[in-house]
Amino acid sequence: MKKTAFDPLALRDFWTLSLGQFLVFVGFFAFFQFPLYIKELGGGEREIGLIMGVTSLASALLLPWITGVVERTERKGVMLVGVVLLEAATVACMTTTAPDLWMGVLMLTRGFGFAVFMNAAGVYIAGILPPGERSRWIGINFGFNQLAIGIGPYFAELMIQKVNYLFFFVMSA
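Residues numbered from 1 in each chain as written. Predicted model: local features only at pLDDT ≥ 70, side-chain atom pairs only at ≥ 80, totals over all residues. Heavy atoms only, no water.

1. A look at the side chain of Asp13
Heads up, the condition is: Think of it this way: any DSSP run of H or I at least four residues long counts as a helix, any run of E at least two long counts as a strand, and we number them from the N terminus. Whether a residue is buried, partly exposed or exposed follows from its accessible area with a 1.4 Å probe, protein chains only, as a fraction of its type maximum: under 20%, in between, or over 50%, in that order. Contacts are assigned to residue pairs that have any heavy atoms within 4.5 Å of one another.
Looking at the secondary structure, you find Asp13 in helix H1 (residues 8-30). Its relative accessible area of 15% is what places Asp13 among the buried residues. If near-sequence neighbours (up to four positions away) are discounted, Asp13 is found in contact with Lys76, Tyr124 and Ile128.

Here's what the structure looks like:
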């Protein structure tokens, strides 16, 4: 017999994690405006490409390891590690003064933290969903992420244009 209804705690966890994912995704995708900061610090297209590219490189190269860790450990703890790495690197980016190796390391850490969080959150969500309703609820959860993809860069640019980069970093964190 397929389970088709959430128990109350699982439903609470679903909505809490969906909101949490939305906020993490808004901050992560806000950094699509980070090239403006790199350019302001004197970086050109080469530096922008390298520094932004390492964000994706981290998750792509380390994904097999990340999935192995997520399979063997408690998902909430892994999500927390991912968020801490992502947030610490975001805040540390405020201290950068040039598009250099340090900035690249921070962006690598952001990408790794995001991949860790995203993978653990996805597995956690799938695990609490009733099998007969999994497709529908994953779609709802995915909708939060899609909204964040549009909202994050928009608000980041708004912060940069109307206020300053400090508010951009705070909003992203």
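2. A few points about the environment of Leu166
Positionally, Leu166 belongs in helix H7 (residues 165-172). Taking relative accessible area as the criterion, Leu166 reaches 48% and is therefore assigned partly exposed. For the pair formed by Leu166 and Leu86, sequence separation is 80 residues and the distance between their alpha carbons is 17 Å.

3. Remarks on the packing of aromatic side chains
What counts is decided by this rule: Note on ring pairs: Phe, Tyr and Trp rings are taken, using the six-membered ring of Trp, and paired if centres are within 6.5 Å. Classes follow the plane angle, with under 30 degrees stacked, over 60 edge-to-face and the rest tilted.
Enumeration according to the criterion identifies 21 aromatic pairs in this entry. With a centroid separation of 5.3 Å and an interplanar angle of 85°, the aromatic rings of Phe28 and Phe29 are classed as edge-to-face. Here Phe28 falls in the buried class, since its relative accessible area comes to 10%. With relative accessibility at 11%, the residue Phe29 sits in the buried group. Among the aromatic residues, those joined into a ring-pair cluster are Phe31, Phe34, Tyr37, Tyr165, Phe168 and Phe169.

4. A closer look at the packing of H1 against helix H4 (residues 75-93)
Operational definition: Here an axis means a line fitted to C-alpha atoms, over the contact stretch when the element is a helix, while the angle between two N-to-C directions is reported on a 0 to 180 degree scale. If an angle is under 35 degrees, it is roughly parallel; if it is over 145, roughly antiparallel; if it lies from 65 to 115, roughly perpendicular; otherwise it is oblique. Helix crossings fall into two classes, left-handed where the near helix is turned counterclockwise from the far one by less than a right angle and right-handed where it is turned clockwise. Nonpolar residues are Ala, Val, Leu, Ile, Met, Phe, Trp, Tyr, Cys and Pro. Charged residues are Asp, Glu, Lys and Arg, and all others, Gly as well, are polar.
In the contact formed by H1 and H4, the axes pass within 12 Å of each other and the chain directions differ by 20°. As judged from the angle between their axes, H1 and H4 are roughly parallel. Taken as a pair, H1 and H4 cross one another with a handedness that is left-handed. Between H1, through Asp13, Leu17, Val24 and Phe28, and H4, the contact on the second element is made entirely by Lys76, Met79, Val83 and Leu86. Per-class residue counts for the contact of H1 with H4 are six nonpolar, no polar and two charged.

5. With respect to H4
Stated precisely, the cut-off is as follows: Here the expected length of a helix is defined as 1.5 Å per residue gap, with one fewer gap than residues. Polar contacts, as counted here, are pairs of nitrogen or oxygen atoms within 3.5 Å of one another; within protein the pair requires one atom able to donate a hydrogen and one able to accept it, and residues that are adjacent in sequence qualify only if both atoms are side-chain atoms.
Here H4 is 19 residues long and its end C-alpha atoms lie 27 Å apart, about the 27 Å a rise of 1.5 Å per residue gives. If you check which residues of H4 are buried, you get Val78, Met79, Gly82, Leu86, Ala89, Thr90, Ala92 and Cys93. Put simply, Glu74 is the residue that caps the front of H4, since its side-chain oxygen is 3.2 Å from the backbone nitrogen of Lys76.

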